[in-house]
Amino acid sequence: MKIAIQREDFDAGAEARALSRNNPAVGAVASFVGLVRDRNDGTAVSAMTLEHYPGMTEKAIAQIVDEAKGRWKIVDCSVIHRVGELQLAEQIVLVVVASSHRGDAFAACEFIMDFLKSQAPFWKKEATPEGARWVDARVSDAAAAARWSSASTKNRVA
Amino acid sequence: MKVRVLFFASLREQVGSAGEDIELPAEVTTVAGLRAHLMARGGDWGPALADERRLRAAVNQDMASLGAALRAGDEVAFFPPVTGG
């Protein structure tokens, strides 16, 4: 399991291959990449700065991954989140999950991402034509995490 | 008792501090008590910590409620709802 908070960019393909290399039990790798988008809440965004809480960030992500491991059969996973100043279209976050079957990989990847957005201590500050502004937390992000508390979603991909 | 207090993101900018070690009066024993103690400083402290819906706290790097108890040496952080990913 790899958890990294870094300023540098990452190679999603290389990270995915690293999880399955030398591990014939892996039959499925699901990944998610989050990028810097050019608009947010109707305003043009030209760049963003990401701040985090060193120490707690790694701990919070490890707890989310542990929770995912308790729900699905995960062979290995990697979570990389960048901090510092990021330009448009740059990669922000990567979640890769390797499992024996796709159902576990898809579900665990989405679960980790949903909880990372609502539990891991990162904050985004956007550069806009009106100046820099801190991004407000979205109600929909809290709802995305909350839906996993329903048992019916646990094994939704058979 | 002495605790370390940290501030992040918009809250850090509002109070003009990333954190400090602070000696608490005996009656301050919870996160809520620490919050009230800081708000009583006046100036930007009150407005920065006033809105409970926009305030999150962590004790020793775990998310904590305002009612969480404090012990000497704890690291307490205040910050707005998180927006990573």
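Residues numbered from 1 in each chain as written. Chains lettered and ligands numbered in written order. Predicted model: local features only at pLDDT ≥ 70, side-chain atom pairs only at ≥ 80, totals over all residues. Heavy atoms only, no water.

**Digging into the overall build of chain B**
Broken down by element type, chain B carries three helices and five strands. The order of α-helices and β-strands along chain B, N terminus first, is β-α-β-α-α-β-β-β. On C-alpha atoms alone, chain B measures out to a radius of gyration of 12 Å, which is about the 12 Å that the 2.2 N^0.38 rule sets for 85 residues. With the C-alpha coordinates aligned to their principal axes, the bounding extent of chain B is approximately 35 × 30 × 20 Å. The buried share of chain B, reckoned over its 85 residues, is 46%. When contacts within chain B are restricted to residue pairs at least 6 apart in sequence, those whose partners lie at least 24 apart make up 52%. In the form shown here, chain B has an accessible surface area of approximately 4,000 Å², with 49% of it arising from carbon and sulfur atoms. Looking at charge distribution, chain B has the averaged site of its 9 positive side-chain charges lying 4 Å from that of its 11 negative ones. (Helix = DSSP H or I, 4+ residues; strand = E, 2+ residues; numbered from the N terminus. Rg over C-alpha atoms; globule rule 2.2 N^0.38 Å. Buried < 20%, exposed > 50% of the residue type's maximum accessible area, 1.4 Å probe, protein only. Contact = heavy atoms within 4.5 Å. Areas by Shrake-Rupley, 256 points an atom, 1.4 Å probe, with all protein chains shown as cover. Lys, Arg positive; Asp, Glu negative; His and termini not counted. Charge placed at Lys NZ, Arg CZ, Asp CG, Glu CD.)

**Details of the sheet that holds strand E5 (residues 47-52) of chain A**
All names here are of chain A. Spatially, the four strands line up as an open sheet ordered E7-E5-E9-E10, and their pairing is antiparallel. If you trace the sheet from one side to the other, it starts and ends with strand E7 (84-87) and strand E10 (131-134), each paired once. Sheet twist, expressed as the mean angle between neighbouring strand axes with direction ignored, is 25 degrees. (Pairing = 2+ DSSP bridges. Axes fitted to C-alpha atoms, helices over the stretch in contact; angles between N-to-C directions.)

**Looking at the sheet that holds strand E6 (residues 76-82) of chain A**
Residue and element names in this part refer to chain A. One open sheet holds the four strands; their spatial order is E1-E6-E8-E2, and the pairing between them is mixed. Because the sheet does not close on itself, it has two edges, and the strands there are strand E1 (2-6) and strand E2 (28-35). This sheet shows a mean twist of 5 degrees between the axes of neighbouring strands, independent of strand direction. With five bridges connecting them, E1 and E6 associate as parallel partners. Bridged to Ala-4 within E6 is Ile-80. Helix H1 (residues 12-20) rests against E1, E2, E6 and strand E8 (91-99) of the sheet, and its axis sits at about 20 degrees to E8. Running over the sheet, helix H3 (residues 102-119) touches E2, E6 and E8 and is turned about 145 degrees from E8.

**Description of the layout of surface pockets**
To find leftover empty space, a probe the size of one water molecule is rolled over the atoms. Its volume calculated, the largest pocket comes out at about 670 Å³. As for the largest pocket, its lining consists of 29 residues, and the residues nearest its centre are Ala-137, Arg-138 and Asp-141 of chain A together with Val-82 and Thr-83 of chain B. When residues of the lining of the largest pocket are traced back to their parent elements, those giving at least two are E2, strand E3 (39-40), H3, strand E9 (122-128) and helix H4 (139-146) of chain A. In terms of residue class, the lining of the largest pocket is built from 13 nonpolar, seven polar and nine charged. (1 Å grid on protein atoms, 1.4 Å probe; cavity = no way out; pocket = protein on both sides within 12 Å on 5 of 7 lines; lining within 4 Å. Points joined across faces, edges and corners; volume = space filled by probe spheres on them. Nonpolar A, V, L, I, M, F, W, Y, C, P; charged D, E, K, R; others polar.)

**Concerning the side chain of Glu-126 of chain A**
Residues and elements named next belong to chain A. Position of Glu-126 relative to the elements: it lies in strand E9. Among the polar contacts made by the side chain of Glu-126, one reaches the side chain of Asn-40 at a distance of 2.6 Å. Excluding anything up to four places from it in sequence, Glu-126 contacts Asn-40, Val-45, Ala-47, Met-48, Gly-131, Ala-132, Arg-133 and Val-135. (Polar contact = N/O pair within 3.5 Å; in protein donor to acceptor, adjacent residues only side chain to side chain.)

**Here we look at the pattern of salt bridges**
All names here are of chain A. Here the structure, examined in full by the defined rule, presents 15 salt bridges over all chains. Of the charged contacts in the structure, one is a salt bridge between Lys-2 and Glu-15, with a shortest N-O distance of 3.0 Å. One end of the pair, Lys-2, is in strand E1; the other, Glu-15, is in helix H1, and 13 residues separate them in sequence. When its relative accessible area of 32% is taken as the criterion, Lys-2 is described as partly exposed. For Glu-15, a relative accessible area of 14% translates into the label buried. With a shortest N-O distance of 3.1 Å, Arg-71 and Glu-67 are connected by a salt bridge. A residue pair is termed a helical-turn pair when its members lie 3 or 4 positions apart in one helix, as Arg-71 and Glu-67 do in helix H2 (residues 56-71) at four residues. Its relative accessible area of 40% is what places Glu-67 among the partly exposed residues. What you see here is one network of salt bridges that share partners, running through Asp-9, Arg-82 and Glu-90. (Salt bridge = Lys/Arg side-chain N within 4 Å of Asp/Glu carboxyl O.)

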